[in-house]
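# Secondary and tertiary structure notes
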Amino acid sequence: MRSIFQKQLLLLLSCLIVILPAAASLASSSFKDGRSKAKLAATGLSPTSVSSPSSPPLYQVVSRNKNNGHVESYTFPDSEMLQPLLQQHEQSYSIPTSKKKLAKQQQQSRFRPLGTLKAAFRSTFLPSGYPSKSRQQFLEYCTWSLVQDLTTQLRSVLATQRVLEGVGVGRPGATALSALLNFLCRDGCGMAASLFFTSLAASKFKYHVKQWRLLADVMIDVGITLEVLAVQMPPAYFLAMISVGNMCKAVCGVAAGACGGSINMYWAKGFGNNNHRMDGSSSNGSADISEIQAKFGAQNTVAGSLGLVFSALFARSASQVDLRVLWLIYGCLTALHIFANIKCMRLLALDTFNTLRLKLVVADFLTKASSPDVYSEQALTPAQVTKKEPLCFVGMHQRVSSNHLLPANIPVMFGVSFSEYSRRSGLTPEELRLQLAGQPAYYIAIGGHKRRDKKPCILVALSARASENDQIKAYVHALLLTEAVASKMRQDGATATSDCNVRRRMEMETVTRLNGHLWNDFTRQCSKAGWDLSSNQLASHGFEVVATD
């Protein structure tokens, strides 16, 4: 009997590990076919080219419902009305069908159960205008998200079984009161962790959406693992382990919920009008975030329903298999869950700058320059940056700053208070007054080399009048100073910038370089590559200079 259950469980695992990832690739390829068909129908002309010599040609104007894909057509024999439109698209489209063929098609279209089901599916799960008005990776993202949900539900069933065993279900002498107290303590710890984590990280989620989203999935994996392990540890550790596990789940809920809004907005920007780029880099379409959230909710409902079916089979089989086989299956599901999440994050080609993405683009832009004053190469696109952007918090700045131009050992302190700016920059009161008199959008200087600050850093204090574009310019300016300081330190040693006169000269040279051709060329190439410079997600200390009296 045990061998039969093991075979069933291994068969179920094979379906998840092999079939679902293959479905993601199939969804991506089928999306391209759907896009070509959508382009064909966008002109309003039928793509068929069948004419009858005995009857005049019939022209067909096609209308498509953007919510569910339902198509209706209007046919008339007058060719003069459509002549300008036909001339415009004569290279791609041809004249529709004859009377006889058209009548046959209309008769067949009166009863189309498959078409009705397809329309219902589109209106329930896919946003309006799909696939002609969507980002290229939307369907693939949904497929990998389904893989995440299923693997989480299967492992959660196993964790629930272990927790119920730990509180005494099925054990003689166990009382309902003791089980209730265990659950109350576990849930209370989860609520406290949720509030504490929100107070610490609520203002930081927007700076690193992908990294926080991946961390959320890692935390739920840790939480589920602790709950599974709890029943195998001594009874004295059971309550502590399930409480810590629920705290990890609470952290996941906060982080995933906070990042979900930014992710939904990213997909919503691909829908609306047709003024968007088809490579997934940027969009000017009207974002319908409410529809995206509703469609993702419907997809999660289906994933939950499928999870219930698989979980029932998994729970029955898991109770009969050997413990080592069970842990092997659990490890494979966990690895598949992390892999699916990484695939989802790599599909998000966010087109607004955060600290990591801006460093990658600036470093590549400076490297491609043919000379210090000539910047003609196109900047990296969001689709190219998403392949290079690190997804793990550990060592991410070191990996981004592997280029010698922007070393990680010279930090950029962005958005500091003016008091800290004046203290660490070493500027005299007269120099500070001159800067304030100019009322710039930001204040920037090289800091460090004062008592405890032995290493140089770049200080940036933002004015309350600074726009989003000004903030991006300030950070680019800071990165140029980082490059200058690193170059000086390589030539003259670690203490090369300890002299205030040397620092002031480097600051003036960087201002001249930025305002010469660099900034205009950089913004032009970034806009051409698909970056949105009207907003940013740059990590900041949060201070603004609001008064200069």
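Okay, so let's go over this structure.

Cut-offs and rules
- Residues numbered from 1 in each chain as written.
- Predicted model: local features only at pLDDT ≥ 70, side-chain atom pairs only at ≥ 80, totals over all residues.
- Heavy atoms only, no water.
- Disulfide = S-S within 2.5 Å.
- Phe/Tyr/Trp six-rings, centres within 6.5 Å; stacked < 30°, edge-to-face > 60°.
- Helix = DSSP H or I, 4+ residues; strand = E, 2+ residues; numbered from the N terminus.
- Buried < 20%, exposed > 50% of the residue type's maximum accessible area, 1.4 Å probe, protein only.
- Expected span 1.5 Å × (residues − 1).
- Contact = heavy atoms within 4.5 Å.
- Pairing = 2+ DSSP bridges.
- Axes fitted to C-alpha atoms, helices over the stretch in contact; angles between N-to-C directions.
- Salt bridge = Lys/Arg side-chain N within 4 Å of Asp/Glu carboxyl O.
- Core = buried A, V, L, I, M, F, W, Y, C linked by side-chain atoms within 4.5 Å.
- Patch = residues over 30% accessible without salt bridge, like charges linked within 9 Å, V, L, I, M, F, W, Y side chains within 5 Å.
- Areas by Shrake-Rupley, 256 points an atom, 1.4 Å probe, with all protein chains shown as cover.
- Left-handed = near helix turned anticlockwise from the far one by under 90°.
- Nonpolar A, V, L, I, M, F, W, Y, C, P; charged D, E, K, R; others polar.

Inspection of every chain in the model, using the stated rule, returns zero disulfides. A disulfide-free cysteine, Cys-189 has its sulfur positioned 4.4 Å from the sulfur of Cys-185, the nearest such atom.

Attention now goes to the packing of aromatic side chains. One pass over the structure, following the stated rule, counts 19 aromatic pairs. Ring geometry for Tyr-141 and Phe-296: centres 6.1 Å apart, planes at 70°, overall edge-to-face. Of this pair, Tyr-141 sits in helix H5 (residues 138–167) while Phe-296 sits in helix H9 (residues 289–318); the two residues are 155 residues apart in sequence, bridging distant segments of the chain. For the pair formed by Tyr-141 and Phe-296, the shared burial category is buried.

Once that is clear, we can look at helix H6 (residues 176–201). Side chains three or four residues apart in an α-helix point the same way, a direct result of the helix having 3.6 residues per turn. Between the first and last C-alpha of H6 there are 37 Å, a value that for 26 residues agrees with the 38 Å anticipated at 1.5 Å per step. Every buried residue of H6 is accounted for by Ala-179, Asn-182, Arg-186, Gly-190, Ala-193, Phe-197 and Ala-201. Looking at the buried residues of H6, the elements they touch are H5, helix H7 (209–230) and helix H8 (238–268).

Residues in a regular strand project their side chains so that they alternate between the two faces of the sheet. Strand E5 (residues 442–447) sits mainly inside the fold: six of its six residues count as buried. With burial as the criterion, each face of E5 is covered, one bearing Tyr-442, Ile-444 and Ile-446 and the other bearing Tyr-443, Ala-445 and Gly-447.

On the basis of which strands lie adjacent, the open sheet formed by three strands has the order E4-E6-E5 and mixed pairing. A strand with exactly one partner marks an edge of an open sheet, and here the two such strands are strand E4 (412–414) and E5. Adjacent strand axes in the sheet meet at a mean angle of 15° when their direction is disregarded. Where E5 and strand E6 (residues 457–462) come together, six bridges link them in antiparallel fashion. Note on E6: the bridge partner recorded for Tyr-443 is Ala-461. Running at roughly 30° to E5, helix H14 (residues 418–425) makes contact with E4, E5 and E6 of the sheet.

Per the counting criterion, the structure on display carries twelve salt bridges. Here Arg-186 and Asp-187 are joined by a salt bridge, their closest N and O atoms 3.4 Å apart. Classification of Asp-187 by relative accessible area gives partly exposed; the value is 30%. Across the salt bridge formed by Glu-389 and Arg-357, the nearest N and O atoms sit 3.1 Å from each other. With Glu-389 in the loop between helix H12 (382–388) and helix H13 (396–400) and Arg-357 in helix H11 (residues 355–368), this pair connects stretches of sequence that are 32 residues apart. Accessibility assignment for this pair places Glu-389 and Arg-357 in one class, buried. A single network of salt bridges, built from pairs that share partners, joins Lys-210, Arg-357 and Glu-389.

Now for the nonpolar core. In this structure, Tyr-141, Phe-197, Trp-267 and Leu-348 are the most contacted members of the largest nonpolar core, which totals 47 residues. Of the residues forming this core, the biggest block, ten residues, is contributed by H8. Here Phe-197 is in contact with Ala-202, Phe-205, Trp-212, Val-251, Val-254 and Ala-255, once residues within four sequence places are set aside.

With six of six residues buried, E6 lies mostly within the body of the structure. Bridge count between E4 and E6: three bridges; the pairing is parallel. Within the sheet, the bridge partner assigned to Phe-414 lies in E6 and is Val-460.

Let us now look at a nonpolar patch on the surface. Among the surface-exposed residues, Leu-177, Leu-180, Leu-181 and Leu-184 lie close enough to one another that they form a single nonpolar patch of about 410 Å² accessible area. Along the chain, the position of Leu-180 falls in helix H6. Judged by relative accessible area, Leu-180 falls into the partly exposed class, the value being 45%.

Bringing the environment of Met-345 into the picture now. Along the chain, Met-345 falls in helix H10 (residues 323–346). Beyond its immediate chain neighbours, meaning those up to four positions away, Met-345 contacts Lys-210, Arg-213, Ile-263, Thr-386 and Leu-391.

Right, let's get into unusual backbone geometry. Although it is not a glycine, Gln-439 adopts a positive phi angle of roughly 45°. For Gln-439, the location among the structural elements is in the loop between helix H15 (429–437) and E5.

This part takes up the packing of H6 against H8. At a closest axis distance of 8 Å, the pairing of H6 and H8 adopts a crossing angle of 40°. Classified by chirality, the crossing of H8 by H6 is right-handed. Across the interface between the two elements, Asn-182, Cys-185, Arg-186, Asp-187, Cys-189, Gly-190, Ala-193, Ser-194, Phe-197 and Thr-198 from H6 touch Phe-238, Leu-239, Ile-242, Ser-243, Asn-246, Met-247, Ala-250, Val-251, Val-254 and Ala-255 from H8. Each residue belonging to the contact of H6 with H8 can be placed in one class, and the counts come to twelve nonpolar, six polar and two charged.

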